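Close look at the chain arrangement
Residues per chain are reported as follows:
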Amino acid sequence: MFRKRTNTVSHEHILSQPVSASDQNVSAFQLLRPYWRVTLAAFLGWFLDAFDQVALLLCLPDIGKDLGVSLTAMGIIITAQSVGRVVGNTGWGWLSDRYGRKLTFMIGVIWFAVFSGATAMTWTYLAMLVVQFMFGIGFGGEWTASAALLMESVPPRARSLASSLMMSGYECGFFAAAAAQAIILPIWGWRALFLIGVVPALLAIFIRRGVPESPVWLKIQSMPKQQIQRRKFGFRLDGAALQALIFMAFVQFQNAAIYSFYPTFLRSDRNLSPADVFPFIAAYCIGSLLGKPLCGVLASRFGDRTVFMLYFALTALGIWPFISAHSMTVMLAGAFGVGMFGNSIFALVPHYLSQRFPSETRSLGMGTSYATAALGQGVAGFLVPMLGALYGLPTAIIGSVLVGTVLVAAVVSYKPPVLPGARMEGEEEHAVG
């Protein structure tokens, strides 16, 4: 399946292929094993992103109380972070296409670590808006570069699995943040959670020393400039690219409606303490941790579209008990089910997006797609509490999730005539899915 690597590809990459990718009897797990460093780096980047972002979501009532603002005003802070992600996704995507996935990945990690720590030192509402906007820039940039690096580094048959493992980092970060707030928040307050956010800067050292550059990006750089044929900025807005942009806006709106105000809902509508919230967050995270690898395995066999539709249907069925139940047992089961199906479809996002852009502008295309996701999250961050003030938070969450699910399912049903990224440089056959 793979031709011999060119001299521009690192020696580590050449040596890390003891298993022939053309052997169809080899499992995706075996194919992925030699690429554990880049997979781990992408996983950890998303884990640390999630910890910092979820710490904000878990502490919304406490931060709002300290700053003297309402829940709707705190929702605008989420929107400000989302706007920052738009800048980070597109700007870092452009930088990644020009200067490499690895360098951009490292800069993104350091950036969001700095502004996560700065959150702990913020004392006014206006300053919080600015800091979270800046945090969003690093948050978006880190994902853009790491996702492109991972998808271009692993064999085609392992991409769905690698995608799911990377995106599982979010649930691990979510779980870690929930556990940390249950212990730290009652004793030291919300600022202590964000001081932990400086730790991600250490990941940059691992990336620098242990992670090779994308072989696809290196191969493109070795070509004569006249053969690259890429614009100075931008990518072709064909059917596949437009589908990626619209898909990410709708799927992130749906997903943000599920989880952004869930901790607040548990504390305000179910009158739970920060410690009592933890079991439900844990059930949600465990469900997603199990659902994402399963999602990747199913997609490797049946294709992305089939798995998306199945998970969308299960999400629509599960959202009512997730929000409306009062029994502890049903609430825990609902959190587990929505985590396993409602959130797990994000396992396929890096793979899904990477197929819809050519290698020359893949990172910019994926980044811009994730920028539209940030806009979707920003809309949810404003709309859900606004509707909640009118109709109640449970009704606002359920209605937003159902509308978002229908919209994203309609987008996924479209079949682009061409997937420009289904075959990457150095491959002799198309990627599965």
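None of these values were measured; they are calculated from a predicted model. (Residues numbered from 1 in each chain as written. Predicted model: local features only at pLDDT ≥ 70, side-chain atom pairs only at ≥ 80, totals over all residues. Heavy atoms only, no water.)

1. Some remarks on the pattern of salt bridges
- Counted by the stated rule, this structure contains four salt bridges.
- A salt bridge links Arg267 to Asp62; the shortest N-O distance between them is 2.9 Å. With Arg267 in helix 14 (residues 262-268) and Asp62 in helix 4 (residues 60-67), this pair connects stretches of sequence that are 205 residues apart.
- For Glu152, the salt bridge identified is with Arg362, shortest N-O distance 2.9 Å. Of the two residues, Glu152 sits in helix 7 (residues 125-153) while Arg362 sits in helix 19 (residues 362-391), which places them 210 residues apart along the sequence. Accessibility assignment for this pair places Glu152 and Arg362 in one class, buried.
- Residues joined in a network through salt bridges with shared partners are Asp97, Arg101, Glu152 and Arg362. (Salt bridge = Lys/Arg side-chain N within 4 Å of Asp/Glu carboxyl O. Helix = DSSP H or I, 4+ residues; strand = E, 2+ residues; numbered from the N terminus. Buried < 20%, exposed > 50% of the residue type's maximum accessible area, 1.4 Å probe, protein only.)

2. A few points about the nonpolar core
- Within the largest apolar cluster, 112 residues are counted, with the highest numbers of intra-cluster contacts made by Trp143, Phe247 and Tyr370.
- Take this core: its biggest share by element is 12 residues, from helix 3 (residues 36-58).
- What Tyr370 contacts, discounting residues up to four positions off in sequence, is Trp46, Arg85, Asn89, Trp143, Met167, Met248, Gln252, Phe346, Val349 and Leu353. (Core = buried A, V, L, I, M, F, W, Y, C linked by side-chain atoms within 4.5 Å. Contact = heavy atoms within 4.5 Å.)

3. Section: unusual backbone geometry
- A positive phi angle, near 55°, is found at Asn271, a position not held by glycine.
- Judged by relative accessible area, Asn271 falls into the exposed class, the value being 62%.

4. Description of the environment of Leu71
- Relative to the elements of secondary structure, Leu71 occurs in helix 5 (residues 71-99).
- Through-space distance from the C-alpha of Leu71 to that of Leu60 is 7.4 Å; in sequence the pair is 11 residues apart.
- Sequence-distant contacts of Leu71, defined by excluding residues within four places in its chain, comprise Phe261 and Thr264.

5. Focus: the side chain of Ser168
- Here Ser168 lies in helix 8 (residues 159-188).
- Using a relative accessible area of 5% as the deciding quantity, one classes Ser168 as buried.
- If we skip the residues at most four places from it in the chain, Ser168 touches Phe43, Leu289, Lys292 and Pro293.

6. Some words on the confidence of the model for the protein
- In the predicted model, the protein carries a mean pLDDT of 80, and 88% of its residues have values of at least 70.
- For the protein, helix 1 (residues 11-15) is the element with the lowest average pLDDT, namely 35, and helix 20 (residues 393-412) is the one with the highest, namely 92.
- Note on residues 1-23: pLDDT is under 50 here. Beyond four places in sequence and across chains, it has 51 contacts.
- Taken together, the stretch residues 428-433 has pLDDT below 50 and engages in 20 contacts with residues farther than four places along the chain or on a different chain. (pLDDT = per-residue confidence, 0-100.)

7. With respect to the environment of Thr39
- Looking at the element boundaries, Thr39 is found in helix 3.
- Residue Thr39 is classed as buried on the basis of its relative accessible area of 8%.
- For the pair Thr39 and Ser153, spaced 114 residues apart in sequence, the C-alpha separation works out to 9.2 Å.
- With residues up to four places along the chain from it excluded, the contact list for Thr39 reads Leu32, Leu150 and Leu165.

8. What about the packing of aromatic side chains?
- On inspection of all chains with the given rule, the structure shows 12 aromatic pairs.
- Plain terms: the ring middles of Trp190 and Phe194 are 6.0 Å apart, the flat faces sit at 80° to each other, and that makes the pair edge-to-face. Here the residue Trp190 and the residue Phe194 both occupy positions in helix 9 (residues 190-195), the gap between them amounting to four residues, near one helical turn. Phe194 carries the same exposure label as Trp190, and that label is buried.
- Between the aromatic rings of Phe247 and Tyr352, the centroid separation amounts to 4.5 Å while the plane-to-plane angle is 40°, which identifies the pairing as tilted. With Phe247 in helix 13 (residues 239-259) and Tyr352 in helix 18 (residues 349-354), this residue pair connects regions lying 105 residues apart in the sequence. No difference in accessibility class separates Phe247 from Tyr352, as the two residues are buried. (Phe/Tyr/Trp six-rings, centres within 6.5 Å; stacked < 30°, edge-to-face > 60°.)

9. Section: helix 6 (residues 101-119)
- With 19 residues, helix 6 ought to run about 27 Å at 1.5 Å a step, and its terminal C-alpha atoms sit 27 Å apart, in line with that.
- Those residues of helix 6 lying buried are Arg101, Lys102, Thr104, Phe105, Met106, Gly108, Val109, Phe112, Ala113, Ser116, Gly117 and Thr119. (Expected span 1.5 Å × (residues − 1).)

10. Focus on helix 3
- With 23 residues, helix 3 extends 31 Å between its outermost C-alpha atoms, agreeing within 8% with the 33 Å of an ideal straight helix rising 1.5 Å per residue.
- In terms of residue burial, helix 3 counts as a mostly covered element, since 17 of its 23 residues are buried.

11. Observations concerning the packing of helix 13 against helix 16 (residues 304-324)
- Where helix 13 contacts helix 16, the axes come no closer than 12 Å and their chain directions differ by 25°. Between helix 13 and helix 16, the interaxial angle falls into the category roughly parallel. Helix-helix and strand crossings are classified by hand; for helix 13 and helix 16 the assignment is left-handed. Contacts between helix 13 and helix 16 involve Phe247, Gln254 and Ile258 from the first element and Phe308, Phe312, Thr315, Ile319 and Phe322 from the second.
- For the contact of helix 13 with helix 16, the class distribution of residues is six nonpolar, two polar and no charged. (Axes fitted to C-alpha atoms, helices over the stretch in contact; angles between N-to-C directions. Parallel < 35°, antiparallel > 145°, perpendicular 65-115°, else oblique. Left-handed = near helix turned anticlockwise from the far one by under 90°. Nonpolar A, V, L, I, M, F, W, Y, C, P; charged D, E, K, R; others polar.)

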